[in-house]
Structure formats: C-alpha cells, structure tokens
Amino acid sequence: MSAVDLGCATEGASNKNPVYSKTDRSRMLIQVANSALLSGDPTGALQSLMRAEQEDDGLPELHHSKGLAYLMKHDPEKALQCVKKAVRLKPNYSDANNTLGKLLIDSGQYDEAIPPLQLAAQDALNREAYKAWTNLGILSYRRGDYRQSEVYMSRAIEEAPALSCVAYYYRGQIRVRNKQWKIAIGDYSEASKKLCSQFGDAYLALGMAYQQDQKFELARKTFLEIQRRYPNTKLAEQALDQLKYLP
C-alpha cells in the first residue's frame with residue numbers, strides 16, 4: 001500500500017520506504033477490519049481491530065467498527081459499550097450516533113435513543129441520514145405513535161428514495177392499519193423493487209395488501225413469486241398459507 005493510496009503517510013529519506021505513524025498503522029488495520037466485516041467475518045475484523053488498538057486506541061472509527069463486529073457476533077452489550085466510546089471520542093460522529101440509537105432501541109431504551117438519532121438525522125453532511133430518520137420512525141412505531149412514525153418514514157424516503165426499503169415497508173404497515181390498501185400497496189411495491197428486491201417481508205406484505213384490496217390475481221402472483229425466490233424458508237411457508245385463503 002503506497003503513501004499516495006493512504007493519503008496520510010509520512011515519508012522517510014527514501015520514497016520507497018515510507019514511515020508510518022502509529023495512528024497511520026491503526027487506520028490501515030481499521031480498513032482491513034472493515035473489509036472483513038463486509039465479507040461477513042467479524043472474528044477476523046476483531047483480530048485486526050485489537051491490533052489497531054495497540055497502535056492507537058483513540059480513533060473513534062476503531063470503536064465503532066468494533067461495535068459492529070460484536071453486533072455481528074450477537075453480543076449487543078459489548079457492541080453498545082464500544083459504540084458509546086466512539087461517540088464519547090467524537091460526539092458528532094453520525095454513523096456511530098445512528099448505530100448507538102439503533103442499539104438503544106433494540107434494548108428498549110427509547111428515550112436514550114432519541115438524542116443520538118436526531119444528531120445523525122439532522123447532520124447536513126451525513127449522506128446516510130435516511131437511516132437515522134428510519135430508526136426514529138421505528139422507535140415511534142414501537143411506541144404506538146404511528147402518526148409521528150409516518151412523518152419520520154416519509155422524511156427518510158425524501159432523503160434517499162431508492163434506499164429507503166425499510167421506511168417504505170413501515171409506512172405501508174401504518175397505512176394498512178388505517179385500511180388505506182391502495183396507498184399501502186404503493187409503499188410495499190417500492191419496498192420490494194430495485195435495490196430493495198431482496199426484502200422478502202415487503203413481498204409478503206404486498207401480497208397481503210393485494211388480498212385485502214380484493215386484487216386476488218395480483219396477490220396470487222406475488223405469493224407464488226415469494227415461493228420461487230425464497231424456497232424452503234419460513235417466508236415461503238407463509239406465502240403458501242396465504243394462497244389457501246384466495247378465492
């Protein structure tokens with residue numbers, strides 16, 4: 001890896017032998033760890049991150065990545081500790097604030113989740129603010145405040161319409177509660193196409209909305225598509241059960 005590639009290395013007497021600081025080495029190890037996370041290898045990520053800590057443990061991104069690794073290893077308590085440390089080191093760290101908010105929601109700490117999620121959502125430089133808006137919407141949904149949840153989900157969709165699969169899905173759920181079948185169908189359709197095409201729950205919800213709207217052929221087609229896409233899964237079994245109720 002060259003000094004040009006890193007953009008943060010200092011060079012010694014020879015251009016062929018760059019000298020990296022401890023912080024530089026820590027950042028390189030964090031990059032290795034993040035690649036491992038993307039490959040689904042949290043153990044490998046943690047190995048690199050522990051080496052990175054030995055070089056420089058004051059980098060907030062190190063502790064955020066460590067939190068994500070622990071989350072992948074189904075250890076939410078350690079994940080929460082790591083992400084909290086990342087935010088202590090850098091209070092305006094939007095990615096970490098969003099992760100912190102999600103972890104707090106999952107642990108039932110709704111009031112504590114709101115401030116970090118609001119910081120991440122309202123950060124004008126955060127390219128993934130839609131994730132924080134979506135998490136705020138999920139929080140309101142779980143509290144039974146469906147009107148506020150719909151506001152947050154709509155804001156997420158405005159921020160990133162092509163990526164807001166979960167926001168479309170929850171907004172569809174809210175509209176189903178209000179018996180707005182046709183509008184819900186539109187949301188579920190968005191939640192299951194293009195970049196969202198692997199979101200199986202949205203397909204199932206779409207089929208059920210068609211069923212409620214008495215569009216039985218479209219419902220049948222959707223349930224059969226679920227069985228084709230997700231064979232031998234619980235989702236396929238649910239689709240089969242729904243087919244039994246179609247006229």
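Check the entry above for the structure.
Notes on the structure follow. All of these numbers come straight from a predicted model, not from anything done at the bench.

Some thoughts on the overall build of the protein
When helices and strands are tallied, the protein shows 14 helices and 2 strands. With respect to the three principal axes, the spread of C-alpha positions in the protein is 80 × 40 × 30 Å. Looking at the protein as a whole, 46% of its 247 residues qualify as buried. Pairs at least 24 residues apart make up 43% of the contacts formed inside the protein by residues separated by at least 6 positions. A total of about 13,800 Å² of accessible surface is found on the protein, and carbon and sulfur atoms cover 50% of it.

Digging into the nonpolar core
Core analysis: the biggest nonpolar cluster contains 70 residues, and Trp133, Tyr169, Tyr188, Phe223 and Ile226 have the highest contact counts within it. Top contributing element to this core by residue count: helix 8 (residues 129-143), with 8 residues. Once residues lying within four places of it in the same chain are set aside, the contact partners of isoleucine 226 are Tyr203, Leu204, Leu235, Ala236 and Ala239.

Let's talk about the layout of surface pockets
What the largest pocket holds in volume is close to 530 Å³. Residue lining of the largest pocket: 23 residues in total, with Asn98, Thr99, Lys102, Lys131 and Asn135 positioned closest to the centre. Of all the secondary structure elements, the ones that give two or more residues to the lining of the largest pocket are helix 4 (60-72), helix 6 (94-106), helix 8 and helix 10 (165-177). With 7 residues, the single largest contributor to the lining of the largest pocket is helix 6. Grouping the constituent residues of the lining of the largest pocket by class yields 9 nonpolar, 8 polar and 6 charged. In this structure, the second largest pocket occupies an estimated 200 Å³ of space. Lining the second largest pocket, in full, are Asn34, Leu37, Leu38, Glu61, His64, Ser65, Leu68, Met72 and Tyr93. Secondary-structure elements contributing two or more residues to the lining of the second largest pocket are helix 2 (22-38) and helix 4. The greatest single-element share of the lining of the second largest pocket, amounting to 5 residues, is contributed by helix 4. Among the residues making up the lining of the second largest pocket, the classes are represented as 5 nonpolar, 3 polar and 1 charged.

Comments concerning the packing of aromatic side chains
A complete count under the given rule lists 6 aromatic pairs for this structure. Ring geometry for tyrosine 169 and tyrosine 170: centres 5.7 Å apart, planes at 85 degrees, overall edge-to-face. A single burial state applies to tyrosine 169 and to tyrosine 170, both of which are buried. Joined through ring pairs, the aromatic side chains of Tyr141, Tyr146, Tyr169, Tyr170, Tyr188 and Phe199 make up one cluster. Across the ring face of tyrosine 93, the terminal group of lysine 90 is positioned such that the distance to the ring centre comes to 5.2 Å.

A short note on the side chain of serine 26
Within the secondary structure, serine 26 sits in helix 2. In this structure the side chain of serine 26 is engaged in a polar contact, spanning 3.2 Å, whose partner is the backbone oxygen of aspartate 56. For serine 26, the contacting residues outside a window of four places in its chain are Ala52, Glu55, Asp56, Leu59 and Leu62.

Thoughts on unusual backbone geometry
At histidine 74, a position not held by glycine, the phi torsion is positive, near 60 degrees. Looking at the element boundaries, histidine 74 is found in the loop between helix 4 and helix 5 (76-89). Positive phi, close to 60 degrees, is recorded for asparagine 232, a residue that is not glycine. Along the polypeptide, asparagine 232 turns up in the loop between helix 13 (216-229) and helix 14 (234-243).

So, how was this worked out
- Residues numbered from 1 in each chain as written.
- Predicted model: local features only at pLDDT ≥ 70, side-chain atom pairs only at ≥ 80, totals over all residues.
- Heavy atoms only, no water.
- Helix = DSSP H or I, 4+ residues; strand = E, 2+ residues; numbered from the N terminus.
- Buried < 20%, exposed > 50% of the residue type's maximum accessible area, 1.4 Å probe, protein only.
- Contact = heavy atoms within 4.5 Å.
- Areas by Shrake-Rupley, 256 points an atom, 1.4 Å probe, with all protein chains shown as cover.
- Core = buried A, V, L, I, M, F, W, Y, C linked by side-chain atoms within 4.5 Å.
- 1 Å grid on protein atoms, 1.4 Å probe; cavity = no way out; pocket = protein on both sides within 12 Å on 5 of 7 lines; lining within 4 Å.
- Points joined across faces, edges and corners; volume = space filled by probe spheres on them.
- Nonpolar A, V, L, I, M, F, W, Y, C, P; charged D, E, K, R; others polar.
- Phe/Tyr/Trp six-rings, centres within 6.5 Å; stacked < 30°, edge-to-face > 60°.
- Lys NZ or Arg CZ within 6 Å of the ring centre and 35° of its normal.
- Polar contact = N/O pair within 3.5 Å; in protein donor to acceptor, adjacent residues only side chain to side chain.

In short, the description is geometric, and any link to function would need to be established separately.
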